[in-house]
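Remarks on the overall topology
The lines below spell out each chain.
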Amino acid sequence: MTRILADLPEVDIEWLDALAAEQGKSRAAVLREAVAQFRAQAPVPGGQDWIARGAGYWKNRADVNDGVAWQRALRGER
């Protein structure tokens with residue numbers, strides 16, 4: 001495991017120490033868990049989860065029945 005040095009405001013250190021004491025853990029353990037949770041929520045570089053999140057956004061639009069026809073009309077094509 002690699003050690004790091006990070007500068008945090010004193011108010012954050014006090015809060016972190018109180019949280020660690022409440023949980024019966026070390027400050028480092030609380031920080032490791034926080035980084036692990038943050039990493040688990042981060043998008044995967046090069047991932048395509050944006051496709052799943054955006055799928056179906058327009059499916060209930062009454063003004064866009066045919067997507068291709070709508071695009072052509074928007075572009076002024078026939």
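Note that the structure is predicted; figures quoted are calculated from it, not measured.

**A closer look at the overall build of the protein chain**
Helix and strand content of the protein chain: four helices and zero strands. When the elements of the protein chain are put in sequence order from the N terminus, they spell out α-α-α-α. In terms of C-alpha radius of gyration, the protein chain reaches 24 Å, well past the compact-globule figure of 12 Å for 78 residues. A principal-axis box enclosing the C-alpha atoms of the protein chain has dimensions of 65 × 25 × 20 Å.

**Regarding the packing of helix α1 (residues 10-23) against helix α2 (residues 27-41)**
Interhelical geometry of α1 versus α2 gives an angle of 95° and a closest axis separation of 8 Å. By the angle class used here, α1 and α2 are roughly perpendicular. Taking contact as the criterion, the partners of Ile13, Leu16, Asp17, Leu19, Ala20 and Gln23 in α1 are, on α2, Arg27, Val30, Leu31 and Glu33. Taken together, the residues of the contact of α1 with α2 sort by class into six nonpolar, one polar and three charged.

**Here we look at helix α4 (residues 67-75)**
Its side-chain oxygen placed 3.2 Å from the backbone nitrogen of Val68, Asp66 serves as the N-cap of α4. At the exit of α4 stands Gly76, carrying a positive phi of roughly 80°.

**A short note on α1**
Helix length check: α1, at 14 residues, gives a terminal C-alpha distance of 20 Å against a target of 20 Å (1.5 Å per residue), a fit within 8%. Taken residue by residue, α1 has Ile13, Leu16, Leu19 and Ala20 as its buried positions. Down the axis of α1, the sector holding all buried residues measures 130°, keeping them to one side. When the buried face of α1 is taken as reference, the exposed residues oriented beyond 90 degrees from it are Glu10, Val11, Trp15, Ala21 and Glu22.

Basis of the calculations
Residues numbered from 1 in each chain as written. Predicted model: local features only at pLDDT ≥ 70, side-chain atom pairs only at ≥ 80, totals over all residues. Heavy atoms only, no water. Helix = DSSP H or I, 4+ residues; strand = E, 2+ residues; numbered from the N terminus. Rg over C-alpha atoms; globule rule 2.2 N^0.38 Å. Axes fitted to C-alpha atoms, helices over the stretch in contact; angles between N-to-C directions. Parallel < 35°, antiparallel > 145°, perpendicular 65-115°, else oblique. Contact = heavy atoms within 4.5 Å. Nonpolar A, V, L, I, M, F, W, Y, C, P; charged D, E, K, R; others polar. Polar contact = N/O pair within 3.5 Å; in protein donor to acceptor, adjacent residues only side chain to side chain. Expected span 1.5 Å × (residues − 1). Buried < 20%, exposed > 50% of the residue type's maximum accessible area, 1.4 Å probe, protein only. Arc of directions from axis to C-beta.

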